[in-house]
Amino acid sequence: MKPDRRNAYLQRMRRVLDHIDAHLDEPLDVARLSAVAAFSPFHFQRQFSALFGLSVGAYVRALRLKRAGTRLAFRDGETVTAIALDAGYEGNEAFARALRGWLAQSPSGLRSAPDWDAWQAAVAPLNHVRRRYMTKTFTLGDVRIVDFPATPVVVLPHRGSPARIGDSVRKLIAWRRENGLPPSRAATFNIFPDDPDEVLPEAFRMDLAVATGWEPGEGMERGELPAGRCAVLRQIGSGDDLRAAFAFLYGEWWPQSGEEARDAPPFAQRVSFFPDVAEHEAVTDLFLPLK
């Protein structure tokens, strides 16, 4: 297939992925999705499976279960019944069967003690599709320079495999809840002293931070995001993978900018995040400190 024809074909299939993201709570049958791509329903299922590596039904179910599982793991104020109904299941029993088949954990097990290795394996096919076919492209005009104010934070250091960040997130959420500091009241930041692709998993470091001067909880500490100029690149969509944003900021924008970086790690503000908003609506601002 010629490159221009293949690109046109991929654009039509990407429209399907975008449509699924935007209408996850609605019926997503083959007839509707094939119409989005403007392909015949007689061939669409095979096209989808051949390109993305899993059937359209499996892809939609996995996305709904990922959202439901995220709510179970990180939103303990929501009932299992409400989560099951929102995921399209008639009751808890059907939802539990589906979750065990996808994740090998029950809803109560996922809520009390998530198996992050099983979680990584379950979401890997979705991450592969997103990384290969839904990666956002950036332009130089997407980067802006701001004067970032000195911001006191409470920091929860995460040390060890990136696959275990969920446990640190759960701990931070519990502390926020105890202190009445929802994200709408106190901004959420991630600080990146390490590139996860360049260090061994056991040596990986990342700091989870909340913009507040409140007293830290156990295993937490006071800190500050220093004032100064920063280049900012906004990523709209899943914030799970910032590789493309980092690669553009460091590999494309910086060499052409004439700027010099400060001796401070990059950081990100999680402006809005899944599952509080749909995954394609999540907003992450990536900051590169400048002199």
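Structure's up top.
Residue indices follow the written sequence of each chain, beginning from 1 at its first position. Local features in this predicted model are restricted to residues of pLDDT 70 or higher, and side-chain atom pairs are both shown and tallied only at a pLDDT of 80 or more, whereas totals for entire chains, interfaces and linings draw on every residue. The side-chain figures draw on all heavy atoms in the structure; neither hydrogens nor water molecules are used.

**Q** Even after reading the chapter, I still don't get the overall build of the protein, so can you show me in this structure?
**A** Strands here are runs of E lasting at least two residues and helices are runs of H or I lasting at least four, both read from the DSSP assignment and numbered beginning at the N terminus. Across its full length, the protein carries ten helices and eight strands. The globule rule is 2.2 Å times the number of residues to the power 0.38, and the radius of gyration it is compared with is taken over C-alpha atoms. By the compact-globule yardstick of 19 Å for 291 residues, the protein fits well, its C-alpha radius of gyration being 21 Å. Considered along the principal axes of its C-alpha atoms, the protein spans approximately 60 × 50 × 35 Å. Categorising residues by exposure relies on relative accessible area from a 1.4 Å probe, with only protein chains included: less than 20% of the type maximum marks a residue as buried, more than 50% marks it as exposed, and the intermediate range marks it as partly exposed. Here the protein holds 291 residues, and the buried ones make up 46% of them. The contacts in the protein between residues at least 6 apart in sequence include a share of 71% that link residues at least 24 apart. Positive charge is attributed to Lys and Arg, negative charge to Asp and Glu, and no charge count is given to His or to the chain ends. Charge coordinates come from a single atom per side chain, which is NZ of Lys, CZ of Arg, CG of Asp or CD of Glu. The positive charge centre, built from 37 side chains, and the negative charge centre, built from 37, are 6 Å apart in the protein. Only heavy atoms enter the contact rule, under which two residues are in contact if any of them lie within 4.5 Å.

**Q** How should I be thinking about helix H9 (residues 165–178) in this particular structure?
**A** Each turn of an α-helix holds 3.6 residues, which means side chains three or four residues apart point in the same direction. In this analysis, the expected span of each helix is defined as 1.5 Å times one less than the number of residues it contains. In this model H9 runs 20 Å from its N-terminal to its C-terminal C-alpha over 14 residues, within 8% of the 20 Å that 1.5 Å per residue would give. Along H9, the residues that are buried comprise Ile165, Gly166, Ser168, Leu172, Ile173, Trp175 and Arg176. Following H9 by one or two positions, Gly180 has its phi on the positive side, about 65°.

**Q** Honestly, unusual backbone geometry in this entry has me stumped. Any pointers?
**A** Most of the time, phi is negative for any residue but glycine, and the peptide bond is trans. Across the junction of Phe274 and Pro275, the peptide omega takes the value 10°, indicating a cis bond. Positionally, Pro275 belongs in the loop between strand S7 (267–272) and strand S8 (283–289). Residue Ala38 is not a glycine yet carries a positive backbone phi of 60°. On the secondary structure map, Ala38 appears in the loop between helix H2 (30–37) and helix H3 (41–52). The phi dihedral of Ala104 is positive, around 60°, even though this residue is not glycine. By the element assignment, Ala104 lies in the loop between helix H6 (92–103) and helix H7 (107–112).

**Q** I keep staring at the nonpolar core and nothing clicks. Help me out?
**A** Note that soluble globular proteins tend to have their nonpolar side chains buried in a common cluster. Counting 45 residues, the largest nonpolar core has Ile20, Phe48, Phe52, Tyr59, Phe95 and Trp102 as the members making the most contacts within it. Looking at this core, the elements that each hand over two or more residues are helix H1 (3–22), H2, H3, helix H4 (56–74), helix H5 (80–86), H6 and helix H8 (116–133). Ranked by residues supplied to this core, first place goes to H4 with ten residues. Setting aside residues no more than four positions away along its own chain, Phe48 makes contact with Met13, Val16, Leu17, Ile20, Gly53, Leu54, Ser55, Val56 and Tyr59. By nonpolar core is meant a set of buried Ala, Val, Leu, Ile, Met, Phe, Trp, Tyr and Cys residues that side-chain atoms within 4.5 Å join together. In terms of nonpolar packing, the next biggest core, distinct from the first, is built from 26 residues, Ile165, Leu181, Phe192 and Leu242 among them.

**Q** What exactly am I supposed to notice about the pattern of salt bridges here?
**A** A side chain with one charge can pair with a side chain of the opposite charge if their charged atoms come near. Definition used for salt bridges: Asp or Glu carboxyl oxygen within 4 Å of a side-chain nitrogen of Lys or Arg. Going through the model one piece at a time under the given rule, you end up with 21 salt bridges. As a salt-bridge pair, Asp276 and Arg75 come within 3.0 Å of each other at their nearest N and O atoms. Here Asp276 is found in the loop between S7 and S8, whereas its partner Arg75 is found in the loop between H4 and H5, with 201 residues between them in sequence. Taking the relative accessible area as the measure of exposure, Arg75 reaches 17% and is therefore buried. Salt-bridge contacts for Arg243 lead to Asp197; the nearest nitrogen and oxygen are separated by 2.9 Å. Taken together, the residues span a long stretch of sequence, with Arg243 in helix H10 (residues 243–257) and Asp197 in the loop between strand S3 (188–191) and strand S4 (205–210) at a distance of 46 residues. The class of Arg243 is partly exposed, set by a relative accessible area of 42%. Classification of Asp197 by relative accessible area gives partly exposed; the value is 45%. What emerges from the salt-bridge pattern is a single network uniting Asp21, Lys66, Arg130, Asp240 and Glu279.

**Q** Looking at this structure, I do not really get the side chain of Glu279. What am I missing?
**A** In this fold, Glu279 is placed in the loop between S7 and S8. Glu279 gets classed as buried once you look at its relative accessible area, which sits at 7%. N or O atoms within 3.5 Å of each other form a polar contact, as long as, within protein, one can give a hydrogen and the other can take it, and as long as residues adjacent in sequence are counted only when both atoms are side-chain atoms. Only 3.2 Å separates the side chain of Glu279 from the side chain of Ser238, close enough to count as a polar contact. Beyond its immediate chain neighbours, meaning those up to four positions away, Glu279 contacts Leu63, Lys66, Arg130, Gly237, Ser238, Asp240 and Phe274.

**Q** What exactly am I supposed to notice about the pairing of strand S2 (residues 151–159) here?
**A** Walk down a regular strand and you will see the side chains alternate between the two sheet faces. Any two strands are treated as partners once DSSP identifies two or more bridges connecting them. Bridging between S2 and strand S5 (residues 221–225) involves five bridges; their strand directions are antiparallel. Of the residues in S5, the one forming a bridge with Thr151 is Leu225. In this structure, S2 lies alongside S4, joined through six bridges in antiparallel fashion. Looking at the pairing, His158 lines up with Met206 of S4.

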